[in-house]
There are 2 protein chains.
Amino acid sequence: MEPAASAAASGAASGASAAMPEAFADPQYLAAVVDLLGAIGYGQLSAFERLAEDAAMAPSIADKVAVATLAAREVNNVTRLRERLGELGADPDEAMAPFKAPLEAFHAHTKPRDWWEGLVKAFVGDALATDFYREIAAFLDVDTRELIIDTLRDTGHAEFVVDRVTTAIAADPRLGGRLALWGRRLMGEALTQAQRVAAERDALVALLSGGVDRPGMDLAAVGRMFARLTERHAQRMADLGLDS
Amino acid sequence: MEPAASAAASGAASGASAAMPEAFADPQYLAAVVDLLGAIGYGQLSAFERLAEDAAMAPSIADKVAVATLAAREVNNVTRLRERLGELGADPDEAMAPFKAPLEAFHAHTKPRDWWEGLVKAFVGDALATDFYREIAAFLDVDTRELIIDTLRDTGHAEFVVDRVTTAIAADPRLGGRLALWGRRLMGEALTQAQRVAAERDALVALLSGGVDRPGMDLAAVGRMFARLTERHAQRMADLGLDS
């Protein structure tokens, strides 16, 4: 675990400037925020690449434009996250790099076989990531929290996906069974990769535990957070007309 | 040629609203503008897809973000063009559809084998399309002209590509020879597909010839336009340090 943790530290090597909030005086906190912004940034870059692949499978030009527009929104935020990483004294590439492997593993294990699996993955996967990062954002300084919430705001694909998927299931009920299984697989794979990240990124995990002057989560609170994430996932599957 | 021409006419079937400029009273002109906006729209959608593929080949995260950002810019304009097509009484999907085949043929025949060919194609191909549409825009009503110029403004990738390509050629001069050949192939294939479009889209060609109240180009003027396009292409190749 050490190499990954020290890579995070070197990513923030030159330290934050004097204008930064008090919280960044704690190098552990700074390293955790750098990790978090790097994870969100690579996640959105990766979502862009996958949505662009989905666009290629679109059954109509209107659908292709809709999914390409979703892809464009993902990438528009990456630049803002990278600028913030620079302000924090981190190298944006170094900060994002540790999340390349887990995100590519997630995508390699959840490669959509068709347009419908791609749609469900974009909706369910992005919303799950958004929920998770919002939970974490509650423990951060105001500037970082607002950046994260703002960055994640634009990535809801709900209306478009719900409309397309419910219509398709109405026309072919067997599709509903296949997509329900697919949703479970997405959730399982997301948890697997999240666990892998947690095992490798000490600073990120320490962030959740809190500090002397910072509130954190005990194990029971982490359990409640996962219960909330699962509940919202089930609600989204229900919105799509799918069992979870 | 008839089926394609009548498809264009049906794309603008319901006619323009009363608030439209005088020029749209001519159904031939209206059909030509619908064709043109459809061509530019599908061109940008297609450029988005190709740039997204290029992003996957990027040698670093910074390069991946840069190319993904270029891709996002392409798609951000497509929605504006589609809205305008709707205002003109055309179905945006029908207006864009005729240009899917020639654009996909162009891309199938110019598939970049690596990151460098992708960069040169993005720069040279997009700039060539932009120059061409700007030439045509000079013959259009003010609203359409401004929309086209505005839509094409954002797609210059010059600085980024010139920087990367000239650096790479300095390190490996043989790359320059290969990319010079590649630039010639791009130009040749673009002309082939443009000719195919010209043969199929009567309204678009009629637009260039002018009308009773509209100036147009005679054959000599078309020749001069192609001379200008070729000259600017040669200048861009020179900017990249490549023979044309």
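Calculation rules
Per chain, the residues get numbers from 1 upward, laid out in the order the sequence is written. Following the order in which they are written, the chains are lettered starting with A and the ligands numbered starting with 1. Local features are withheld for residues below a pLDDT of 70 in this predicted model, meaning they are given only at 70 or higher, and side-chain atom pairs are given and counted only at 80 or more; totals for whole chains, interfaces and linings count all residues. Computation of side-chain values: all heavy atoms of the structure, hydrogens and water removed. Axis angles are defined between N-to-C directions and span 0 to 180 degrees, where every axis is a line fitted to C-alpha atoms and, for a helix, only to the segment in contact. The numbering of helices and of strands both runs from the N terminus, where a helix is a DSSP run of H or I of at least 4 residues and a strand a run of E of at least 2. Just so you know how the angles are binned, under 35 degrees is roughly parallel, over 145 roughly antiparallel, 65 to 115 roughly perpendicular, and the rest oblique. Pairs of residues are marked as contacts when any of their non-hydrogen atoms sit within 4.5 Å. Each residue gets one of three labels, nonpolar for Ala, Val, Leu, Ile, Met, Phe, Trp, Tyr, Cys and Pro, charged for Asp, Glu, Lys and Arg, and polar for the others, Gly among them. Per-residue accessibility, obtained with a 1.4 Å probe over protein chains only, is compared with the maximum for each type, and a residue is labelled buried under 20%, exposed over 50%, and partly exposed between these values. Counting rule applied: Lys, Arg positive; Asp, Glu negative; His and chain ends not counted. Here, a salt bridge means any side-chain nitrogen of Lys or Arg that lies within 4 Å of a carboxyl oxygen of Asp or Glu. For a helix, the expected span equals 1.5 Å multiplied by the number of residues minus one. A least-squares fit on C-alpha atoms brings the copies together, and the residues used are those whose pLDDT is at least 70 in both copies. Two parts placed together each lose some accessible area under a 1.4 Å probe, and the buried area is that loss summed for both. Any pair of nitrogen or oxygen atoms within 3.5 Å is treated as a polar contact; in protein, a donor-acceptor pairing is required on top of that, and neighbouring residues in sequence qualify only through side-chain atoms on both sides.

The name given to chain A in an unreviewed UniProt entry is Ferritin-like domain-containing protein, with the source organism recorded as Nocardioides massiliensis.

All names here are of chain B. Their axes nearest at 5 Å, the elements helix α8 (residues 158-171) and helix α9 (residues 173-200) cross at an angle of 125°. Regarding the angle of α8 to α9, the classification is oblique. Each of V165, A168, I169, A170 and A171 in α8 lies in contact with α9, whose residues at this interface are P173, L175, G176 and L179. Classifying every residue of the contact of α8 with α9 by side-chain character gives eight nonpolar, one polar and no charged.

This brings us to the side chain of E189 of chain A. Residues and elements named next belong to chain A. Within the element layout of this structure, E189 appears in helix α9 (residues 173-200). With no salt bridge to any partner, buried E189 finds its closest opposite charge in R185, at an N-O distance of 6.0 Å. In this view, E189 contacts A105, F106, H109 and T110; residues no more than four positions away in its chain are not counted.

Take α9 of chain B next. Taking 1.5 Å per residue, 28 residues should reach 40 Å; α9 of chain B reaches 42 Å between its end C-alpha atoms and fits that length. Here the buried face of α9 of chain B lies against α5 (100-109), α6 (115-137), α8, α10 (202-209) and α11 (219-239) of chain B.

Here we take up the relation of the copies chain B and chain A. Mapping chain B onto chain A leaves a residual RMSD of 0.0 Å; the transformation is a rotation of 180° accompanied by 0.0 Å of translation along its axis. Taken together, these values place the two copies in the relation of a two-fold axis. Residue A72 of chain B of chain B places its C-alpha closer to the rotation axis than any other residue of that unit, at 2.1 Å. Comparing interface residues between copies, 100% of those in chain B also lie at the interface in chain A; the contact surface is shared.

What follows concerns the interface of chain B and chain A. The interface of chain B with chain A comprises 24 residues on the first partner and 24 residues on the second. Each partner contributes to the roughly 1900 Å² buried at the junction of chain B and chain A, and carbon and sulfur atoms together form 73% of this total. At the junction of chain B with chain A, the criterion picks out two salt bridges. Residue K64 of chain B pairs with E49 of chain A through a salt bridge whose shortest N-O separation is 3.2 Å. Linking chain B to chain A there are four residue pairs in polar contact (both at pLDDT 80 or more). Contributions of two or more residues to the side of chain B that touches chain A are made by α2 (27-56), α3 (61-87) and α4 (92-96) of chain B. Sorting elements by how many residues they give to the side of chain B that touches chain A places α3 of chain B first, with 13 residues. Grouping the constituent residues of the side of chain B that touches chain A by class yields 16 nonpolar, four polar and four charged.

Along the chain, the position of R236 of chain B falls in helix α11. Contact partners of R236 of chain B, with chain neighbours within four places excluded, come to F123, V124, A127, L128 and D131 of chain B.

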